[in-house]
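# Coordinate analysis (summary)
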Amino acid sequence: MSEKLSDDQPVRWGILGAGGIAETVCHDIVLTDGNSVAAVAARDAGRAADFAGRYGGSRSYGSYDELVADPDLDVIYVATTHPSHRSHALLAIEAGKPVLIEKPVCLNAADAREVLTAAAEADLFAMEAMWMRTNPLIRQAEQLISDGAIGEIRGVRAEFGAGVPFDQHHRMYDLDNGGGALLDLGVYPVTFAYLFLGRPSRVTTTGRIAPTGADMTVAMQWAYDGGTGAQLWCSSAIPAPNQAVVLGSTGWIATEGAAHRPTGLLVHTAEEEYRIEDPIAGQGNGYGPEIAEVERCLRAGLTESPLIPHADTIAILELLDEARAVLGVKYPGE
Ligand SMILES: NC(=O)c1ccc[n+]([C@@H]2O[C@H](COP(=O)([O-])OP(=O)(O)OC[C@H]3O[C@@H](n4cnc5c(N)ncnc54)[C@H](OP(=O)(O)O)[C@@H]3O)[C@@H](O)[C@H]2O)c1
């Protein structure tokens, strides 16, 4: 148990890195009653000030050190690119701040263990921003499956293709900036399969590598004792519908729209087929449930969200490490 935040004031967010996802998530933070964008830091002070100006004139800093030293912040959102997640999360934790860390939480499982252990030892909240797991439709699918709506689980199919043409300078292809389909996109289908099936007994991985050395398209076959399996696919270059399906002995549940942000669920049971509407349709960019979960945990004094347990975050990175090892993809310094 960590110190609980009072219910009387909004959770004051400090945004570390003023890039694409920071903008998307801040848009949703300011839609909530219980949270505010209190400060933002970027490597460039002018860019940080511009960003802050778009979110109610919050404080802005030209260095991350100044941000984490700000005493009037309740949580730091690490929204830089993934090679920096480890050092930026540790910077915040060492300054005594809880952290929400963008996905993938780190480049590899060893770094993730270090960061999450540091947070636990400091009695501070830490969570990977794996927003898919907080999505109400995904949670409803979990509930339906545990209620036996589709019988016994037999398998999962999930994919994420981004359709970004090869460009050696693009973040997704630049190994120095954490480029690679597995870490950027594959983390979603892997998390989806892990959520419903747990750790596989055997994994077969195959893939195509971009000229920069980053993995570009990857397919994985997971096998479990007892015959259950998963087919998972991700690609930086190829566009895809990005749906996911859980297959059961008497039916199936499929996401409508991308599995990381579904717009509905299609449930096919032995008796009927029906659609479940998106309960957060039209509510910002879809990050509201993730923001609400951070707020809930901070107000309850939790150091870990039961929706995104540290052990799962680490196990998923171990699976991604193993897949990268098969493909021979290494990041600088690994
Ligand atoms: N949850 C989601 O839906 C979602 C969606 C997209 C991305 N993400 C994740 O969020 C993270 C950021 O993605 P993004 O699309 O927002 O990336 P981005 O806009 O390219 O970069 C984010 C920030 O990282 C810093 N940065 C970027 N390139 C850098 C470099 N070469 N060296 C040092 N710092 C660099 C910059 O911080 P300054 O502003 O301080 O300069 C930049 O503003 C990634 O880990 C990604 O996987 C999550």
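Residues numbered from 1 in each chain as written. Predicted model: local features only at pLDDT ≥ 70, side-chain atom pairs only at ≥ 80, totals over all residues.

### Observations concerning the overall build of the protein
Tallying secondary structure elements over the protein gives 9 helices and 14 strands in all. Along the first, second and third principal axes, the C-alpha set of the protein runs to 55 × 45 × 35 Å. Sorting the 334 residues of the protein into buried and exposed places 47% on the buried side. Restricting to contacts in the protein with at least 6 residues of sequence separation, those with at least 24 account for 68%. (Helix = DSSP H or I, 4+ residues; strand = E, 2+ residues; numbered from the N terminus. Buried ≥ 20, exposed ≤ 12 C-beta atoms within 10 Å, placed from the backbone. Contact = placed C-beta atoms within 7 Å.)

### As for the sheet that holds strand β6 (residues 126–128)
As summarised here, the arrangement of the 6 strands in space is β3-β2-β1-β4-β5-β6, forming an open sheet in which the pairing is parallel. Two strands close off the open sheet at either side, each with one partner strand: β3 (59–61) and β6. Sheet twist, expressed as the average angle between the axes of neighbouring strands with direction ignored, equals 25°. The sheet contact formed by strand β5 (residues 99–101) and β6 spans 3 bridges and is parallel. Paired with V99 across the strands is A126, a residue of β6. The strands touched by helix α2 (residues 45–53) within the sheet are β2 (35–41) and β3, with β3 carrying the most contacts at an inclination of about 160°. (Pairing = 2+ DSSP bridges. Axes fitted to C-alpha atoms, helices over the stretch in contact; angles between N-to-C directions.)

### Remarks on the site of the ligand
Close contacts around the ligand come from 19 residues, with G19, G20, I21, A42 and E102 the closest. Class assignment for the residues of the shell around the ligand results in 6 nonpolar, 8 polar and 5 charged. Both of domain 1 (11–130 + 288–303) and domain 2 (136–279 + 315–327) provide at least three residues apiece to the shell around the ligand. (Near = placed C-beta within 6 Å. Nonpolar A, V, L, I, M, F, W, Y, C, P; charged D, E, K, R; others polar. Domains from an automatic or database assignment.)

### Digging into the packing of helix α7 (residues 181–197) against helix α9 (residues 310–327)
Remark: α7 packs on α9, axes separated minimally by 10 Å, with the N-to-C direction vectors making an angle of 120°. Judged on the interaxial angle alone, α9 and α7 are oblique. Here α7 and α9 pass one another in a crossing that is right-handed. Side by side, α7 and α9 meet where L182, L183, G186, V187, V190, T191 and Y194 of the first sit next to D312, A315, I316, L319, L320, A323 and R324 of the second. (Parallel < 35°, antiparallel > 145°, perpendicular 65-115°, else oblique. Left-handed = near helix turned anticlockwise from the far one by under 90°.)

### Regarding the domain arrangement of the protein
By domain assignment, the protein separates into domain 1 (11–130 + 288–303) and domain 2 (136–279 + 315–327). Each partner contributes to the interface: domain 1 provides 12 residues, whereas domain 2 provides 10 residues. Taken together, the residues of the side of domain 1 that touches domain 2 sort by class into 8 nonpolar, 3 polar and 1 charged.

### Describing the nonpolar core
Of all hydrophobic cores here, the largest spans 103 residues; its most connected members are I15, L16, V40, V75, Y77, V99 and A193. With 12 residues, α7 is the largest single contributor of residues to this core. Per-domain counts for this core show at least three residues from each of domain 1 (11–130 + 288–303) and domain 2 (136–279 + 315–327). (Core = buried A, V, L, I, M, F, W, Y, C linked by C-beta atoms within 7 Å.)

### Some points on the pairing of strand β10 (residues 229–235)
Burial of β10 is extensive: 5 of the 7 residues sit out of reach of the surface. Sheet topology note: the strand β7 (residues 153–161)/β10 ladder contains 7 bridges and is parallel. Bridging from a neighbouring strand, V156 pairs with A230 of β10. The sheet contact formed by strand β9 (residues 215–223) and β10 spans 7 bridges and is antiparallel. Opposite M220, over in β10, you have L232 as the bridge partner. Here β9 hands over to β10 after 5 residues, with G226 in that stretch at a positive phi of 100°.

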